[in-house]
Amino acid sequence: MSIQWVLVSGFLYSEIALALCLCLPWVSCKRWHRIFTSSIVGMIAAYVNWIFICFLSCLVVLFADSIREMYVYTGQDKKVDITGSASPSAQEHILMRLFRAQRNFYITGISLFLLVILRTMLMRVSQVAKLQANGEAIHKQAVSAGGMNKTLLEENSALKKLTADKDDLLEDIKKVEELKDQVKAAERKAEQSKADSDAMRKQSENLTMEYDRLLKEHQDLQDSVMPGDKKDD
């Protein structure tokens, strides 16, 4: 086996190993995505398209070469038998070259198929990992929004309760103000009554004093009149 077919077979075995690793159930898409986005893989990630094109081009060339060899050596053993001039070793050599061409055809064909499949699988794994990350972020946002909504509802209920308490407090304050007004009115009435009472008391005192004065004058007049009557007697 020449060097190029050894490399192709090694590449095929590598593809099979990678496909089996991607099929492992305990390795999640998120872990594969972390591996693909790591610093080591990230160094060649920028050139992955060029690498894919190079491998694809090489495999296509080798696949076409294997088809050409198959076309060249197919039926050559029968021609050797018909001529009868060639030795059996020549027929065996032709069959060996045909077998190698067929082997190379299957190796390159399967390698091409797995290369396309693996590229699609890696793209799908990366997309699934991104979707899972987005889903987790959306779930966290939904949980956070639900918690915030619950907090807002609780705050709204507390505000409503405070508003109701405030309304009750305002009504109580209004009642207290009304009671204060009533107390002030009662105080004013009491002061007015006290003033009236003081005025009546002063008036009564004045009347008493006037009555005493008049009584005294009356007594004086009686005293002044009584001596004259006694002299006449």
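Residues numbered from 1 in each chain as written. Predicted model: local features only at pLDDT ≥ 70, side-chain atom pairs only at ≥ 80, totals over all residues. Heavy atoms only, no water.

I'd like to hear about helix α1 (residues 3-22), residue by residue, with values.
Between its terminal C-alpha atoms α1 stretches 29 Å, which fits the 28 Å expected from 20 residues at 1.5 Å a residue. By the burial criterion, the buried members of α1 are W5, V8, S9, F11, L12, E15, A19 and L22. Buried residues of α1, seen end-on, are gathered within an arc of 160° and therefore sit on one face of the element. In α1, the exposed positions angled more than 90 degrees off the buried face are occupied by I3, L7, Y13 and L20. (Helix = DSSP H or I, 4+ residues; strand = E, 2+ residues; numbered from the N terminus. Expected span 1.5 Å × (residues − 1). Buried < 20%, exposed > 50% of the residue type's maximum accessible area, 1.4 Å probe, protein only. Arc of directions from axis to C-beta.)

I'd like to hear about a nonpolar patch on the surface, residue by residue, with values.
Together, Y47, W50, I51, I53 and F55 give the surface a local cluster of nonpolar side chains, amounting to about 550 Å² of exposed area. A residue is classified by how much of its surface remains accessible, and I51, at 35% relative accessible area, is partly exposed. (Patch = residues over 30% accessible without salt bridge, like charges linked within 9 Å, V, L, I, M, F, W, Y side chains within 5 Å. Areas by Shrake-Rupley, 256 points an atom, 1.4 Å probe, with all protein chains shown as cover. Salt bridge = Lys/Arg side-chain N within 4 Å of Asp/Glu carboxyl O.)

Can you explain the layout of surface pockets? Please cite residues and give values.
Estimates place the volume of the second largest pocket at around 150 Å³. Lining the second largest pocket are 10 residues, with S2, W5, E69, R100 and N104 sitting closest to its centre. Counting residues per element, the ones that place at least two in the lining of the second largest pocket are α1, α4 (48-73) and α6 (88-232). The biggest single contributor to the lining of the second largest pocket is α6, with four residues. A per-class count over the lining of the second largest pocket returns two nonpolar, three polar and five charged. (1 Å grid on protein atoms, 1.4 Å probe; cavity = no way out; pocket = protein on both sides within 12 Å on 5 of 7 lines; lining within 4 Å. Points joined across faces, edges and corners; volume = space filled by probe spheres on them. Nonpolar A, V, L, I, M, F, W, Y, C, P; charged D, E, K, R; others polar.)

Explain the pattern of salt bridges to me, using residue names and the numbers behind them.
Summed over the entire model, instances satisfying the criterion amount to one salt bridge. Residues R68 and D65 are paired through a salt bridge, measuring 3.0 Å at the closest nitrogen-oxygen approach. Pair noted here: R68 and D65 are both in helix α4, with a separation of three residues, about one helical turn. Residue R68 is classed as partly exposed on the basis of its relative accessible area, which comes to 46%.

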